[in-house]
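# Working through the structure, step by step
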Amino acid sequence: SRICVLMTDSSSYGLSSAVLTVLMRVTARLAAEGTSSSAQVVQGIQEELLSTLSEKDQLSLFFGNFSRKDWKLNYISIGTPLFFYGAPGIPFLALPSQDIALSRSHLLQALQEQELEIQPGSRLALLSDGFLDTIGSADKMCRFLDQYREQESKDTLNELLFQVKKDF
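Now for a quick tour of the structure. None of these values were measured; they are calculated from a predicted model.

### Brief notes about the overall build of the chain
Counting its secondary structure elements, the chain contains 5 helices and 8 strands. When its helices and strands are written in sequence order, the chain yields β-α-α-β-β-β-β-β-β-β-α-α-α. Its C-alpha atoms give the chain a radius of gyration of 17 Å, within 12% of the compact-globule value 15 Å for 168 residues. Structurally, the chain occupies a C-alpha span of about 45 × 45 × 25 Å along its principal axes. Within the chain, buried positions represent 39% of all 168 residues. For the chain, restricting intrachain contacts to residue pairs at least 6 apart in sequence, the fraction spanning at least 24 positions comes to 66%. Accessible area for the chain stands at about 9700 Å²; split by element, carbon and sulfur atoms hold 52% of it.

Dropping the structure here:
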């Protein structure tokens, strides 16, 4: 069986609402077709969103399929979502993303699906760029996540939120 993971970061509330509507249509259509490729899902989202994207809209997106059968995560990351992985006993790493977000002026052509074999006891963190802005850099975020890797995920999130709010 598979688990889907999705995170989006849009430049407007209108685009956020459109993304939710499109997700329902695309996932229903692709499920009926038996499609499970992350690249096909993201391509379907792009096709459905084209009519609603304004000139200023930008959409960052992470979409992944995790297979419980072989513990592999196949994913596409475009724009600013930041994906961090920490295997047991190994420091967290920032995993690559296609840097340019989806927009009217930048349509995604050839999507490169990445594959990550997840080891038992690993930690994953999927964050928006606002958290990275607070911490300072991907390297600092990796050190932060390493510091909290043995904590419950809610405790790590609470500490991240504290870091964001402390300067307000």
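From this point, the narrative continues.
### A few points about the sheet that holds strand 5 (residues 93–95)
In a beta sheet, neighbouring strands pair by backbone hydrogen bonds and run either parallel or antiparallel. Across the sheet, 3 strands lie side by side as 5-4-8; this open sheet has antiparallel pairing. At either margin of the open sheet sits one strand with a lone partner, and together these are strand 5 and strand 8 (123–127). Neighbour-to-neighbour, the strand axes of the sheet open up by a mean angle of 25°, direction not taken into account.

### A closer look at the pattern of salt bridges
Evaluated as defined, the whole model comprises 3 salt bridges. For E115, the salt bridge identified is with K72, shortest N-O distance 3.9 Å. Residue E115 is located in strand 7 (residues 114–117), and its partner K72 is located in strand 3 (residues 72–78); the two are separated by 43 residues in the primary sequence. The class of E115 is exposed, set by a relative accessible area of 52%. Take K72: its relative accessible area is 24%, and that puts it in the partly exposed class.

### Some words on the packing of aromatic side chains
Per the counting criterion, the structure on display carries 5 aromatic pairs. Seen in terms of ring centroids, F62 and Y75 are 5.4 Å apart; in terms of plane orientation they differ by 20°. Their pairing is stacked. Taken together, the positions of F62 in strand 2 (residues 58–67) and Y75 in strand 3 put the pair 13 residues apart, joining distant regions of the chain. The residues F62 and Y75 share a single accessibility class, namely buried. Seen in terms of ring centroids, F66 and W71 are 5.9 Å apart; in terms of plane orientation they differ by 80°. Their pairing is edge-to-face. Site record: aromatic cluster; members linked through ring pairs are F62, Y75 and F83.

### Quick look at the packing of helix 4 (residues 138–147) against helix 5 (residues 153–165)
Their axes nearest at 10 Å, the elements helix 4 and helix 5 cross at an angle of 135°. When the axis of helix 4 is compared with that of helix 5, the two are oblique. In this structure, the crossing between helix 4 and helix 5 has a hand that is right-handed. Residue-level contacts link M141, F144 and L145 of helix 4 to T156, E159, L160 and Q163 of helix 5. Taken together, the residues of the contact of helix 4 with helix 5 sort by class into 4 nonpolar, 2 polar and 1 charged.

### Describing the environment of Q40
Relative to the helices and strands, Q40 resides in helix 2 (residues 38–49). Take Q40: its relative accessible area is 44%, and that puts it in the partly exposed class. Separated by 14 residues in sequence, Q40 and V26 have C-alpha atoms that sit 9.7 Å apart.

Cut-offs and rules
- By convention here, each chain's residues receive numbers from 1 onward along its written sequence.
- pLDDT decides what is reported in this predicted model: residues at 70 or higher carry local features, side-chain atom pairs at 80 or more are listed and counted, and totals for whole chains, interfaces and linings draw on all residues regardless.
- The side-chain quantities take in all heavy atoms of the structure and omit both hydrogens and water.
- Strands are runs of DSSP state E lasting at least 2 residues, helices are runs of H or I lasting at least 4, and numbering of each runs from the N terminus.
- Radius of gyration: C-alpha atoms only; globule rule: 2.2 Å multiplied by the number of residues to the exponent 0.38.
- Only protein chains enter the accessibility calculation, which uses a 1.4 Å probe. A residue is then buried if its area is under 20% of the maximum for its type, exposed if over 50%, and partly exposed in between.
- Contacts are residue-level and defined by heavy atoms, with any inter-residue pair within 4.5 Å sufficient.
- For every accessible area listed, the method is Shrake-Rupley and the probe measures 1.4 Å; residues are considered covered only by the protein chains on display.
- Following DSSP output, two strands are said to pair if at least two bridges run between them.
- Between N-to-C directions, angles cover 0 to 180 degrees, with each direction set by a line fitted to C-alpha atoms, over the stretch in contact for helices.
- Think of a salt bridge as a Lys or Arg side-chain nitrogen and an Asp or Glu carboxyl oxygen that are within 4 Å of each other.
- Classification of ring pairs uses Phe, Tyr and Trp, with its six-membered ring standing for Trp, and accepts pairs whose centres are within 6.5 Å; under 30 degrees between planes counts as stacked, over 60 as edge-to-face, and the remaining range as tilted.
- Angular relationships are summarised with four words: roughly parallel below 35 degrees, roughly antiparallel beyond 145, roughly perpendicular across 65 to 115, and oblique for the angles in between.
- A crossing counts as left-handed when the near helix is turned anticlockwise from the far one by less than a right angle, and as right-handed when that turn is clockwise.
- Each residue receives one of three labels: charged for Asp, Glu, Lys and Arg, nonpolar for Ala, Val, Leu, Ile, Met, Phe, Trp, Tyr, Cys and Pro, and polar for the others, Gly being one of them.

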